[in-house]
Amino acid sequence: EADRLIEALPGHMKPIVRFALATGCRAGEIHGLEWSRVDLVRKVAWLDHGTTKSGEGRGIPLNADAMAALESTLGQHPRWCFTFAGQRIHQSSTAWDKAKQRAGIEDFRFHDLRHTWASWHVQSGTSLQELMELGGWNSYEMVLRYAHLAPEKLSSVAGRIERQPARAPTVTPPVENV
């Protein structure tokens, strides 16, 4: 669905959605990102105090996907990273809604990109503590909603108290009719 959505987006929206899926940043954080807050060499961006939901600033590590999204917009505006027709984008509701319709995606908000990002992280082995730091959540309870996405991570933990040696799965032989 993510690929279908990106394909359906107009050109100016593609880097925004790619950046959201790569960083977990909220719409307002992305729309307000300035080049002066991005270090492409160190691969990090900074969200200033007052520009995040918690009001606290935080660093955003930029993976290859986030870097590609930013690099695709280099030179389009001297101040803002993501623009349309030379202007800062404040919200993307019309283009967003039309793209969702073209992609056949219903009941999906821009903020759900953040949930998708968090889910992908947990499914890829990111710990809840790491996710909490990456996403800028202030409480552990907020990231617990993603814990169910990687139950296999608990298998080795469950095995810590085993008293029986590990055994190969047994297969019941078929019963022959005599």
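Residues numbered from 1 in each chain as written. Predicted model: local features only at pLDDT ≥ 70, side-chain atom pairs only at ≥ 80, totals over all residues. Heavy atoms only, no water.

### A closer look at the overall build of the protein chain
Scanning the protein chain from terminus to terminus reveals 9 helices and 5 strands. Listed N to C, the secondary structure of the protein chain is α-α-α-β-β-β-α-β-β-α-α-α-α-α in terms of helices and strands. Here the protein chain holds 178 residues, and 38% of them are scored as buried. (Helix = DSSP H or I, 4+ residues; strand = E, 2+ residues; numbered from the N terminus. Buried < 20%, exposed > 50% of the residue type's maximum accessible area, 1.4 Å probe, protein only.)

### Examining the packing of helix 2 (residues 14-23) against helix 6 (residues 112-123)
Here helix 2 crosses helix 6 at 40°, and the two axes come no closer than 7 Å. As judged from the angle between their axes, helix 2 and helix 6 are oblique. Relative to helix 6, the crossing made by helix 2 is right-handed. Where helix 2 approaches helix 6, its residues Val 17, Ala 20, Leu 21, Ala 22 and Thr 23 are matched on the opposing element by Leu 113, Thr 116, Trp 117 and Trp 120. Along the lines of polarity and charge, the residues of the contact of helix 2 with helix 6 split into 7 nonpolar, 2 polar and no charged. (Axes fitted to C-alpha atoms, helices over the stretch in contact; angles between N-to-C directions. Parallel < 35°, antiparallel > 145°, perpendicular 65-115°, else oblique. Left-handed = near helix turned anticlockwise from the far one by under 90°. Contact = heavy atoms within 4.5 Å. Nonpolar A, V, L, I, M, F, W, Y, C, P; charged D, E, K, R; others polar.)

### Quick notes on the confidence of the model for the protein chain
Across the protein chain, pLDDT averages 85, with 80% of residues at or above 70. For the protein chain, helix 9 (residues 155-158) is the element with the lowest average pLDDT, namely 68, and helix 4 (residues 64-71) is the one with the highest, namely 97. (pLDDT = per-residue confidence, 0-100.)

### Observations concerning the environment of Val 122
With respect to the helices, strands and loops of the structure, Val 122 is situated in helix 6. We classify Val 122 as buried; its relative accessible area is 3%. For the pair Val 122 and Val 143, spaced 21 residues apart in sequence, the C-alpha to C-alpha distance is 9.8 Å.

### A word on the nonpolar core
Ranked by internal contacts, the top residues of the largest apolar core, which has 35 residues, are Val 17, Phe 19, Leu 33, Leu 62, Leu 70 and Leu 113. If you tally residues by element for this core, the top one is helix 2, at 6 residues. Here Leu 62 is in contact with Phe 19, Thr 23, Val 38, Lys 43, Val 44, Ala 45, Met 67 and Leu 70, once residues within four sequence places are set aside. Residues Trp 117, Leu 128, Met 132 and Trp 137 belong to the second largest nonpolar core, which totals 8 residues. (Core = buried A, V, L, I, M, F, W, Y, C linked by side-chain atoms within 4.5 Å.)

### Quick look at the pattern of salt bridges
In the structure shown here, the tally under the stated rule is 6 salt bridges. A salt bridge links Glu 29 to Arg 26, with the shortest nitrogen-to-oxygen separation between them at 3.1 Å. Given a relative accessible area of 3%, Glu 29 falls into the buried group. What makes Arg 26 buried here is its relative accessible area of 15%. (Salt bridge = Lys/Arg side-chain N within 4 Å of Asp/Glu carboxyl O.)

### Concerning the side chain of Thr 83
Relative to the helices and strands, Thr 83 resides in strand 4 (residues 83-84). Excluding residues that lie within four positions of it along the chain, Thr 83 makes contacts with His 12, Gln 76, His 77, Arg 88 and Ile 89.

### Re the packing of helix 2 against helix 4
For the pair helix 2 and helix 4, the least separation of the axes is 8 Å and the interaxial angle reads 155°. Considering the angle they form, helix 2 stands roughly antiparallel to helix 4. As for how helix 2 packs across helix 4, the hand of that crossing is left-handed. Seen from helix 2, the contacting residues are Pro 15, Arg 18, Phe 19, Ala 22 and Thr 23; seen from helix 4, they are Asp 65, Ala 66, Ala 69 and Leu 70. Of the residues assigned to the contact of helix 2 with helix 4, the class counts are 6 nonpolar, 1 polar and 2 charged.

### Digging into the sheet that holds strand 2 (residues 44-47)
Pairing in this open sheet of 3 strands is antiparallel, and the strands run 1-2-3 from one edge to the other. With partners counted over all chains shown, the strands left at the sheet margins are strand 1 (38-39) and strand 3 (58-61), one partner each. When strand 1 meets strand 2, the two strands line up antiparallel, connected through 2 bridges. From the neighbouring strand, Val 38 faces strand 2, where its bridge partner is Ala 45. (Pairing = 2+ DSSP bridges.)

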